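# Topology and contacts: notes
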Amino acid sequence: MTADFIQTAVSKSSKRTFTAEFTNAAAYDAIVAEITGETNPLGLAEVELGKETYKTYVGYFDPNTSEMNGKVQVTAYTRDEYAAAITALTGSADLKTAFGNGGTAETSEIGTDATWNVRISAKLETDTFQISFNRDSLIVSGYADDATLATVETWADTKPGLC
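The present account deals with the structure reproduced in this document. (Residues numbered from 1 in each chain as written. Predicted model: local features only at pLDDT ≥ 70, side-chain atom pairs only at ≥ 80, totals over all residues. Heavy atoms only, no water.)

### Regarding the packing of aromatic side chains
To keep it simple, the criterion reads: Stacked, tilted and edge-to-face pairs are distinguished by plane angle, under 30 degrees for stacked and over 60 for edge-to-face with tilted covering the rest, among Phe, Tyr and Trp rings (Trp via its six-membered ring) whose centres lie within 6.5 Å. For helices the rule is a DSSP run of H or I covering at least 4 residues; for strands it is a run of E covering at least 2, with both sets numbered from the N terminus onward. Only protein chains enter the calculation, and the probe is 1.4 Å; a residue is then buried if its accessible area is under 20% of its type maximum, exposed if over 50%, and partly exposed in between.
Counted according to the given criterion, the structure contains eight aromatic pairs. Ring centres 4.3 Å apart and planes at 10 degrees place the aromatic pair Y28 and F133 in the stacked group. Pair noted here: Y28 is in helix α1 (residues 25-36) and F133 is in strand β6 (residues 127-134), with a separation of 105 residues, a long-range link. What makes Y28 buried here is its relative accessible area of 0%. Since its relative accessible area comes to 0%, F133 is described here as buried.

### Section: the side chain of R135
So the rule is basically this: Within 3.5 Å is the distance limit for a polar contact, defined as a pair of N or O atoms, with the added protein rule that one can donate a hydrogen and the other accept it, and that residues adjacent in sequence qualify only through two side-chain atoms.
With respect to the helices and strands, the residue R135 is situated in the loop between β6 and β7 (137-143). On the accessibility criterion, R135 (3% relative accessible area) is buried. At 3.0 Å, the side chain of R135 and the side chain of E21 are in polar contact. Polar contacts involving the side chain of R135 include one to the main-chain carbonyl oxygen of A114, which spans 2.5 Å.

### Structural notes on the pattern of salt bridges
Basically, it comes down to this: The salt bridge criterion pairs a side-chain nitrogen of Lys or Arg with a carboxyl oxygen of Asp or Glu, the two atoms within 4 Å.
Taken as a whole, this structure holds six salt bridges when the rule is applied. The partner of E21 in a salt bridge is R135, with the nearest N and O atoms 3.0 Å apart. Here E21, found in the loop between β1 (12-17) and α1, pairs with R135, found in the loop between β6 and β7; they are 114 residues apart in sequence, far enough to count as distant. Looking at E21, the relative accessible area reads 31%, which means it is partly exposed. Across the pair D29 and R79 runs a salt bridge whose closest N-O atoms are separated by 3.0 Å. Remark: R79 occurs in helix α2 (residues 79-91) and D29 occurs in helix α1; sequence separation between them is 50 residues. Among the charged side chains, a salt-bridge network with shared partners connects R16, E153 and D157.

See below:
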């Protein structure tokens, strides 16, 4: 005799891709703070900031040829650590000498080299779900009730950066 699986939950996932990716850290962080704030606009019964990951590269350039001679990847788990690492790496005379022949060090928050991702666990009424906020998209996953997605979508429609 075999035991049958019985469905215990419905889990849905939806993604909204923005027309332009976030390049302004303050604007990005303001959205995260709004969702996770005490008086969040979604009316969440529970909300918890989960894993944060910020990545980019710092490139080192030769002063004579302007060619990149090397790059260092930056990966941090808070915005403050990310900013501090970039400041340290772009300001390091030793790294500029080692990689750039004494040239410049630069980073870009534009393009595919820089990624920002924040995961938020939330509960709206009895529906628990996750929000994954990236530079170019917002993903709502693990929800069962279509009203949950409608609530997030209605709020996101009011944010110019999330359209």
